[in-house]
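Spelled out from the first residue to the last, the chains are:
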Number of protein chains: 2
Amino acid sequence: MNEKNIEQLDQLVEILNSEILEFKTDNNNSVHPYDISEQLLKLRDIDEDEYSKMLKRIPSALLAEVLSEMPDIVQEEISDHISTKKIVAITSSMDTDDAADFIQNISEDNEELAQEILESFDDQDKEVLEQLISYSDDEAGAYMQTELFSARDDEKIGDAIKRLKDLKEIGEVDNIWHCHITGKRGEYIGSVGLEELIIFEHDMKFSDIPSEKLRNYKISHKADLKDVVEMVTNYNLSSLPVVDNRNRLIGRITSDDVYDIIQDSATEQIYNMAGVNDEAEQEESMYQIGKSRAIWLGVNLLTAIAASIVIGMFDATIQSLVALAVLMPIVASMGGNAGTQTLTVTVRQMALGDIENEDAKKTIIKEVIISLVNGLLFAGVIGVIAYLWFKLPLLGLVIAMSMVINLISAGFFGAVIPLTLQKLKIDPAIGSTVLLTTVTDVVGFFSFLGLATLILL
Amino acid sequence: MNEKNIEQLDQLVEILNSEILEFKTDNNNSVHPYDISEQLLKLRDIDEDEYSKMLKRIPSALLAEVLSEMPDIVQEEISDHISTKKIVAITSSMDTDDAADFIQNISEDNEELAQEILESFDDQDKEVLEQLISYSDDEAGAYMQTELFSARDDEKIGDAIKRLKDLKEIGEVDNIWHCHITGKRGEYIGSVGLEELIIFEHDMKFSDIPSEKLRNYKISHKADLKDVVEMVTNYNLSSLPVVDNRNRLIGRITSDDVYDIIQDSATEQIYNMAGVNDEAEQEESMYQIGKSRAIWLGVNLLTAIAASIVIGMFDATIQSLVALAVLMPIVASMGGNAGTQTLTVTVRQMALGDIENEDAKKTIIKEVIISLVNGLLFAGVIGVIAYLWFKLPLLGLVIAMSMVINLISAGFFGAVIPLTLQKLKIDPAIGSTVLLTTVTDVVGFFSFLGLATLILL
């Protein structure tokens with residue numbers, strides 16, 4: 001460890017110690033758990049022993065909030081650093097959604113410990129946690145928290161507010177913006193904002209609230225995350241009640257969850273288009289990252305070989321005019337680029353809900369027209385360049401013609417591939433780039449070398 | 001117009017008419033303005049005359065909310081459909097942030113009308129709107145709204161709540177989750193959630209609220225949007241107070257703005273990496289879209305020609321062994337793909353704040369190691385394939401060696417290019433893909449054909 005690191009280490013330990021002290025004396029921290037988590041991550045980078053000691057020193061209630069902010073990988077290996085007893089204590093002071101994630105992460109490394117933690121909860125909480133863990137990653141339920149503020153419709157507003165006070169005192173709820181109203185059997189009726197509630201008379205019942213003051217957007221726990229994002233962004237919601245199959249209120253998704261969902265799904269999309277797996281990239285092991293990338297490189301190798309086979313069909317042509325070998329990557333590269341432009345716009349607009357199924361034909365026509373015009377433009381440019389370079393007018397004609405053909409096919413397939421994948425219920429971001437460049441490579445090489453064989457020889 | 005469209009048209013007009021009627025009778029709409037905006041957009045697609053008539057029929061107060069949900073392009077051309085008087089009425093019932101956007105959009109098409117609308121406001125509102133319009137697109141101020149609920153610290157909680165009731169009755173505020181507390185000169189002190197406020201005694205003063213119940217995250221109106229996103233996502237905030245240079249509270253950014261910011265910046269990033277301009281893509285004119293894409297295609301043409309010049313240097317080598325022309329795109333394509341994987345992960349993680357400047361060296365080393373390992377793997381595979389295909393052992397060796405060289409350089413430049421762009425304060429997403437594939441093409445062709453010249457001839 002160099003001098004700079006030692007100095008940084010001392011500083012970090014000092015800061016963290018004073019934050020722990022502050023928490024212990026006030027049972028309140030002016031520093032946000034996120035900031036502590038960032039400091040701990042730095043400490044972990046510099047000196048794992050000190051990091052381990054520090055984790056032991058942080059009180060469970062604080063560590064619960066801090067750990068909730070930390071990456072999955074840190075949660076997975078937490079049992080290397082602190083005792084099972086402390087892990088159980090931490091889990092029980094987490095919000096249900098954080099606790100479920102935490103247990104799930106622990107089970108990646110240590111299934112037994114995860115089970116032990118679950119068993120430490122009473123039957124009711126255990127059932128809730130098991131339910132939360134059972135949701136798949138792309139279901140609304142996976143992001144919901146069960147802590148919320150609800151009231152029966154025959155309850156008085158004043159009584160509910162008293163209950164909120166109690167709930168807040170024991171630290172059970174946080175970030176409450178609405179009171180969710182349910183009927184006798186727990187069925188969801190509607191939500192009223194605290195900004196309305198604070199104004200109403202306390203002896204009024206919830207059922208007396210005029211219906212235009214209620215909001216009743218809700219989502220099923222099994223709904224796709226895409227629907228969650230669509231609903232909250234279209235209707236500008238700060239939180240969304242989650243109901244089960246029988247319309248009973250079981251949780252809510254809050255704006256901070258939505259931030260994560262939007263960020264994560266954008267990352268997934270960007271990564272998928274580049275042939276990268278977002279989950280594998282979060283691993284610490286380079287072997288895991290490299291392996292997942294190798295799969296797509298392998299697919300790319302196959303498609304590159306397909307393009308080479310096309311070139312191989314024209315080896316005699318190339319032999320008699322090497323200029324063809326010099327120019328042919330230009331046609332393929334321009335096609336790949338134009339196609340990627342179309343593909344990216346189509347995939348993204350589908351994800352944002354701006355292209356619906358009924359717009360498919362319109363999208364394809366639009367993209368083909370744009371690529372036709374750009375194809376003609378660049379056909380002219382490259383035709384002249386090729387002619388000036390090799391002094392062969394017909395070579396200029398051949399490359400110009402193949403440029404138009406390849407750019408049109410780039411626009412067409414750039415739109416058709418993702419639209420078709422979506423129709424087949426396949427994520428249009430995954431693998432579409434590889435499929436597309438296969439097409440533009442094959443069409444590019446075949447049209448250029450084929451036309452050269454016909455016209456030049 | 002075909003029969004299906006006529007039927008759809010009639011349906012849409014009927015639905016919209018009944019929604020207008022409902023709004024007029026109750027002065028309240030159970031349908032969200034977003035849904036009406038979607039119906040109007042469909043109507044606009046089918047029959048522009050009917051769309052125009054419908055706009056005239058919708059009351060200004062409702063149209064203000066509906067238009068706020070509609071795309072820029074629709075706002076730009078609104079003066080083709082409704083009178084200036086109605087446009088002025090609409091603008092005055094919008095939230096300030098929506099009004100500022102609306103006026104800005106109108107000014108794209110009709111500077112004079114925009115000015116006329118501005119002049120219709122009283123001096124104070126006009127000043128606020130002009131201030132909002134003056135922010136650049138990537139500043140926090142551009143996304144803030146000035147409508148909020150604030151109180152002086154010497155005010156009684158009960159008085160503030162009464163004021164909230166009045167504000168809500170005249171429809172001045174909405175989505176209120178906090179009361180923002182200011183000092184004598186309007187300086188921002190802190191915010192208290194309504195969930196706390198609803199519990200406190202009404203005769204308590206704001207200055208009596210214990211400090212641990214206050215939150216004091218805030219952001220400068222001139223701050224970069226990236227900082228806004230970082231703050232709200234790290235600290236899980238549903239709204240963020242915005243202050244001016246003198247720490248005076250001037251507005252707030254709410255969760256629905258943050259959804260837009262996150263979505264828009266992800267779209268911008270995905271588009272930029274593919275050589276597409278996100279603003280141009282929103283235009284309706286294919287000419288505008290095509291032109292902006294042509295710029296990047298032009299840059300790509302230059303880089304493709306650079307790669308061709310490299311190939312041209314080895315024309316004699318290719319002439320004597322055409323197999324080289326057949327195989328050379330494989331090396332370039334694999335390099336381009338591996339480099340794009342690295343580039344994408346690096347650009348995205350920088351955007352999410354997961355790679356800081358101090359991590360640059362670590363990132364580069366990690367990426368080079370991963371590409372070295374994958375390079376060795378695919379060198380072996382392609383070496384054997386090339387040998388079996390052309391029965392030339394040395395050709396297998398040459399392609400294997402150049403594969404390793406090109407994949408290492410892909411990993412290295414895939415990380416170095418965005419990191420360097422960021423250091424130079426250039427958006428690392430813009431143009432980095434083109435820069436990268438230039439490198440992988442040139443290195444791929446040069447190493448493969450160069451080694452072939454040395455070893456095979």
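None of these values were measured; they are calculated from a predicted model. (Residues numbered from 1 in each chain as written. Chains lettered and ligands numbered in written order. Predicted model: local features only at pLDDT ≥ 70, side-chain atom pairs only at ≥ 80, totals over all residues. Heavy atoms only, no water.)

Trainee: When you look at the pattern of salt bridges in this model, what are you seeing that I'm missing?
Mentor: A side chain of one charge can pair with a side chain of the opposite charge when the charged atoms of the two come close. Throughout the structure, instances matching the rule amount to 29 salt bridges over all chains. Between Lys362(B) and Asp45(A) there is a salt bridge whose closest N-O contact spans 3.5 Å. Note that Lys362(B) is positioned in helix α18 (residues 360-390) and Asp45(A) in helix α2 (residues 33-46), a pairing that runs across two chains. The exposure classification of Lys362(B) matches that of Asp45(A), with both residues exposed. (Salt bridge = Lys/Arg side-chain N within 4 Å of Asp/Glu carboxyl O. Helix = DSSP H or I, 4+ residues; strand = E, 2+ residues; numbered from the N terminus. Buried < 20%, exposed > 50% of the residue type's maximum accessible area, 1.4 Å probe, protein only.)

Trainee: Can you walk me through the confidence of the model for chain A in this structure?
Mentor: Parts of the model with low pLDDT should not have their predicted coordinates read in detail. When pLDDT is averaged along chain A, the result is 92; 99% of the residues meet or exceed 70. By mean pLDDT, helix α1 (residues 3-26) of chain A is the weakest element of chain A at 84, and strand β4 (residues 219-220) of chain A is the strongest at 97. (pLDDT = per-residue confidence, 0-100.)

Trainee: Is there a simple way to explain the interface of chain B and chain A in this structure?
Mentor: How big an interface is tends to be stated in terms of the accessible area lost upon association of its parts. Between chain B and chain A, the residue contacts involve 99 residues of the former and 99 residues of the latter. For the chain B and chain A pair, buried surface summed over both sides reaches about 9,100 Å², with 65% attributable to carbon and sulfur atoms. Three residues, Glu195(B), Ile198(B) and Tyr259(B), lead the burial of chain B against chain A; their summed loss comes to 9% of the area buried on that side. Here chain B and chain A share 8 salt bridges between them. Arg293(A) is the salt-bridge partner of Glu367(B), the closest N and O atoms lying 2.8 Å from each other. Counting the contacts that link chain B with chain A gives 34 residue pairs in polar contact (both at pLDDT 80 or more). Here the side of chain B that touches chain A gets 17 residues from one element, more than from any other, and that element is helix α17 (residues 323-351) of chain B. (Contact = heavy atoms within 4.5 Å. Buried area = accessible area lost by both parts, 1.4 Å probe. Polar contact = N/O pair within 3.5 Å; in protein donor to acceptor, adjacent residues only side chain to side chain.)

Trainee: Explanation requested: the sheet that holds strand β6 (residues 249-254) of chain A in the structure shown.
Mentor: Hydrogen bonding along the main chain pairs the strands of a sheet, whether they run parallel or antiparallel. All names here are of chain A. Here we have 3 strands laid out as an open sheet, ordered β4-β5-β6, and mixed in their pairing. The open sheet has two free edges, formed respectively by β4 and β6, since each of these has just one partner strand. In this structure, strand β5 (residues 239-243) lies alongside β6, joined through 5 bridges in antiparallel fashion. Note that in β6 the partner of Ser-239 across the bridge is Thr-254. (Pairing = 2+ DSSP bridges.)

Trainee: Explanation requested: the packing of aromatic side chains in the structure shown.
Mentor: Centre-to-centre distance and the angle between the planes together describe a pair of aromatic rings. This model, assessed by the stated rule, comprises 12 aromatic pairs over all chains. Measuring from centroid to centroid gives 5.8 Å for Tyr235(A) and Tyr34(B), while their planes differ by 85°, and the two rings are edge-to-face. Of this pair, Tyr235(A) sits in the loop between α12 (225-234) and β5 while Tyr34(B) sits in helix α2 (residues 33-46), on two different chains. Residue class for Tyr34(B) comes out buried when judged on its relative accessible area of 15%. Ring geometry for Tyr217(B) against Tyr235(B): centres 4.5 Å apart, planes inclined by 20°, an arrangement best described as stacked. Remark: Tyr235(B) occurs in the loop between α12 (225-234) and β5 (239-243) and Tyr217(B) occurs in the loop between α11 (194-197) and β4 (219-220); sequence separation between them is 18 residues. Tyr235(B) shares its class with Tyr217(B); the two are buried. Three or more aromatic residues joined by ring pairs form one cluster here, namely Tyr34(A), Tyr217(B) and Tyr235(B). (Phe/Tyr/Trp six-rings, centres within 6.5 Å; stacked < 30°, edge-to-face > 60°.)

Trainee: Just to check I follow, could you spell out the UniProt feature "transmembrane region" (unreviewed entry) in chain A for this structure?
Mentor: Residues and elements named next belong to chain A. In this structure's numbering, the residues bearing the UniProt feature "transmembrane region" (unreviewed entry) are residues 294-314, 320-347, 368-390, 396-421 and 433-456. The distance separating the terminal C-alpha atoms of residues 320-347 is 42 Å; by composition the span is 93% helix and 0% strand. Within the segment residues 433-456, helix and strand shares are 100% and 0% respectively, and the terminal C-alpha atoms sit 33 Å apart. (UniProt positions renumbered as here; feature names shortened; annotations may be inferred.)

Trainee: How do you make sense of α2(B) when you look at a structure like this?
Mentor: Think of an α-helix as 3.6 residues a turn; residues three or four steps apart then line up on the same face. Residue and element names in this part refer to chain B. Over its 14 residues, α2 runs 20 Å from end to end, which matches the ideal 20 Å to within 8%, given 1.5 Å per residue. Of all 14 residues that make up α2, 10 are buried, and the element is covered over most of its length. For α2, every residue scored as buried is listed here: Pro-33, Tyr-34, Ile-36, Ser-37, Gln-39, Leu-40, Leu-41, Leu-43, Arg-44 and Ile-46. (Expected span 1.5 Å × (residues − 1).)

Trainee: Please explain the UniProt feature "domain: CBS" (unreviewed entry) in chain A as it appears in this structure.
Mentor: In the numbering adopted here, UniProt assigns the feature "domain: CBS" (unreviewed entry) to residues 210-268 of chain A. Helix makes up 41% of residues 210-268 of chain A and strand 22%, whereas the separation of the span's terminal C-alpha atoms amounts to 43 Å.

Trainee: Before we go on, may I ask you to explain the environment of Pro393(A) in this structure?
Mentor: For Pro393(A), the location among the structural elements is in helix α19 (residues 393-423). Separated by 353 residues in sequence, Pro393(A) and Leu40(A) have C-alpha atoms that sit 68 Å apart.

Trainee: Quick question: what am I supposed to make of helix α19 (residues 393-423) of chain B here?
Mentor: Over its 31 residues, α19(B) extends 45 Å from the first C-alpha to the last, a length consistent with the 45 Å expected when each residue adds 1.5 Å. Count one or two residues on from α19(B) and you reach Lys425(B), which has phi positive near 60°.

Trainee: Teacher, can you tell me more about unusual backbone geometry here?
Mentor: Keep in mind that most residues, glycine aside, have a negative phi and that most peptide bonds are trans. Residue and element names in this part refer to chain B. Even without glycine at this site, Asn-247 takes up a positive phi of about 65°. Residue placement: Asn-247 occurs in the loop between β5 and β6 (249-254). One non-glycine residue, Lys-425, lies in positive phi territory at about 60°. When you line up the elements, Lys-425 lands in the loop between α19 and α20 (432-455). Judged by its relative accessible area of 77%, Lys-425 falls in the exposed class.

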